[in-house]
Every structure is written in C-alpha cells, then in structure tokens.
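A look at the structure
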Amino acid sequence: MNPHATALSAPRGSDGSVRSFAHDAIAGLTHHPKQLPPKYFYDSAGSELFEQITRLPEYYPTRTELGILRDQSAQIASIIPAHAVLVEFGAGAPTKARLLLTAREFAAYVPVDISGDFLNAQADGLRKDFPHLEIHPVTTDFTAPFLLPDQVRAMPKVGFFPGSTLGNFEPHEASRFLRGARDILGEGAHMLIGVDLEKNERRMYEAYNDAAGVTARFNLNILARVNRELGGNFDLSAFAHRAIYNRDRHRIEMYLVSKKPQTARLQGRSFFFRTGESIHTESSYKYSIDRFNALAKGSGWTPIAAWTDPEQMFSVHALVC
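These remarks concern the structure in this document. (Residues numbered from 1 in each chain as written. Predicted model: local features only at pLDDT ≥ 70, side-chain atom pairs only at ≥ 80, totals over all residues. Heavy atoms only, no water.)

1. Digging into helix 6 (residues 116–129)
- Between its first and last C-alpha atoms helix 6 spans 21 Å; for 14 residues at 1.5 Å apiece the expected length is 20 Å, and the two agree.
- What helix 6 keeps buried is the set Gly-116, Phe-118, Leu-119, Ala-123 and Leu-126. Buried residues in helix 6, looked at end-on, bunch into an arc of 155°, giving them a common side. Facing away from the buried side of helix 6, by more than 90 degrees, are the exposed residues Asp-117 and Lys-128.
- Among the structural elements, helix 2 (44–54), helix 5 (95–103), strand 3 (106–113), strand 4 (134–135) and strand 5 (138–139) are those in contact with the buried residues of helix 6. (Helix = DSSP H or I, 4+ residues; strand = E, 2+ residues; numbered from the N terminus. Expected span 1.5 Å × (residues − 1). Buried < 20%, exposed > 50% of the residue type's maximum accessible area, 1.4 Å probe, protein only. Arc of directions from axis to C-beta. Contact = heavy atoms within 4.5 Å.)

Okay, here's the thing in structure tokens:
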C-alpha cells in the first residue's frame, strides 16, 4: 500500500492532470477485469487517510521500517555520501526522511510526488526544522521520467523510496521504476528502499483489513475522487472493500466489490457492474531478501547492504549504481 510524465508533468488539478486521470480511469474501467491505478489513491484526502493507516495497530510496515531506520541509522549513514541531495520518490509525510536528514548531513532534499498540495504543505513544515537545508519539492508522477531541479543536478544523489511502495508495482513495473530511478539519479548514485517481506499470512491479511475500517475508506476514496474530479456518479455505499493474500503471486490484492447490479457513469461512458464484480485497485507484492536482490541486480543496481527487524517482517536495502 502506499504512493505516481516526461519532464515535469502538470500539477494535480490542472487540465493536463485531469485528462490523464480521466484517461486512466476509463481505460481501467473498460478493462477486463476492471481496475483503477493505485497512484490515484493519493489526493489530499487519500494521503491523510493513509497517514491514519500508518498509525493503526494492525499496520506493521510503517512502524517496523521506522524502527529499522532508527536502529541502523549509524550504519546507513556510513554507507551514503555526505553533502548529497536526498531524492524521495513518492514522498508523503517526511517522518522517515527526517531520520535520514538527522543521521547524515545532506545539502538538499527533493521530495517528489503527484499530490502537490500535500507535498508542499509537508515541505513547509520541514523547512522550519531544517532551516539550512535546501528543499525543492517536485510535483510529478514519480514513476515516469522527470527532471531534477537545476540547483541539485551536479550534487551526488541518494534516492529514497520507503514504505514498501515498490510492492504496489507488478514485477516488470518495479524493474522499470528501478531502471528509471537509476537514470534520474545518475551514475554512482545510492538508493535506500523499503521492501515488505513474506511472512505469516494472517498478519498480512489483518494489516489490509483493519478493524476500524480506515483501509476500506482509503480504498473507497478512489471512487470519491472519480466523482469529485471527473464528474462520476459512483454510489460509494454500493461497493465493499476486500483484501486477500494471493499465495501463488506473493501479493496482497485489494478490490472494491459491487454489492448489487448497478450502472455508474463517467464522462459520458456507462459502466455496468454485476453483483460481486470487482474493481482491482491495488496489489502489494511481498519479497524475500534474495528475490528483491535479484530484481535490483536485473535493474542495473548493485545491492550493498540490507537490514531487517528482529521478526523479519520488513527490510531496508542499500543499493548503488
């Protein structure tokens, strides 16, 4: 779960961004089976809901990754270069970035995400605590090629991709992202990346089916966004959240399931749903250390270190290109 254009794309809410959202939504809803890209979870409302998810007792990834970053901060700092620029792909709340910025002296921080309003608000808060740090937010789809700000292009780069967001990509998409990040950061760059590990299936199931229903609201928000931004008329009460673990594909799958026969409209198109028919909104792949290292090597990176928590639930990897 978590946060997605040549050069700098238009910010969210612009005509270009709305056209892209509409195109992707219509393409996904005419696909068989129906689907919606998970990058559209993260408008301001979705980002806030995800922050609530990270504080739920069932949702282990955030607190576990934070624990790894805290416990291993000295080792991580010893691997990455000083006075580099920290480029965070899919930046949300900068809680994890703060740990790196405190443990190692960086010259600049470049948070990159599609949700511009949320991104800029978080950057403003960070400037108060790190007044001497250059901060250059970039609002764009971080899964596609983009240009780093002119002020940082000559600096050594450290990419940062926490939160197990890589697991939201199909394996070929994950490889494409890693290759793209290598091209954006440049030769000799480092990368720190969070990867969720395979584990007890019940533990994973509960993390995506929390008792408070926050994940369900997060999942339904994508339809609320379709209604709000694209003029759709989806009845949110007629869809139910569903998340299951697909053992064969090593992934959690999230769906919105129609509770009844219904038709929804979007920009002049009609979409019929049978009872029980679903929209696939997200996959979250789980890796072993060896499977992730193979993915990284095949994408042009060299693994140099990996850290896990005592229960082997989550991992943080250091790569270099």
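2. Re the side chain of Glu-170
- Among the secondary structure elements, Glu-170 is positioned in the loop between strand 6 (157–161) and helix 7 (171–185).
- A distance of 2.5 Å separates polar atoms of two side chains, one belonging to Glu-170 and the other to Tyr-285. (Polar contact = N/O pair within 3.5 Å; in protein donor to acceptor, adjacent residues only side chain to side chain.)

3. A word on helix 9 (residues 214–230)
- The terminal C-alpha atoms of helix 9 lie 24 Å apart, and with 17 residues this matches the ideal 24 Å at 1.5 Å per residue to within 8%.
- In the structure, helix 9 departs most strongly from a straight axis at Asn-221, where the bend amounts to approximately 30°.
- Most of helix 9 sits out of view: 13 of its 17 residues are buried.
- Looking at the residues trailing helix 9, positive phi occurs at Gly-231, about 75°. (Bend = angle between axes of the 7 residues up to and from the residue.)

4. Details of the sheet that holds strand 8 (residues 239–246)
- Pairing is mixed across the open sheet formed by four strands, whose spatial order is 1-12-9-8. Whereas interior strands pair on both sides, the edge strands pair on one side only; in this sheet they are strand 1 (34–35) and strand 8.
- Pairing of strand 9 (residues 251–258) with strand 12 (residues 278–285), which is carried by seven bridges, proceeds in the antiparallel orientation. In the sheet register, Tyr-255 faces strand 12, and the bridge partner there is His-280.
- Helix 9 contacts strand 8, strand 9 and strand 12 of the sheet and is inclined by roughly 60° relative to strand 9. (Pairing = 2+ DSSP bridges. Axes fitted to C-alpha atoms, helices over the stretch in contact; angles between N-to-C directions.)

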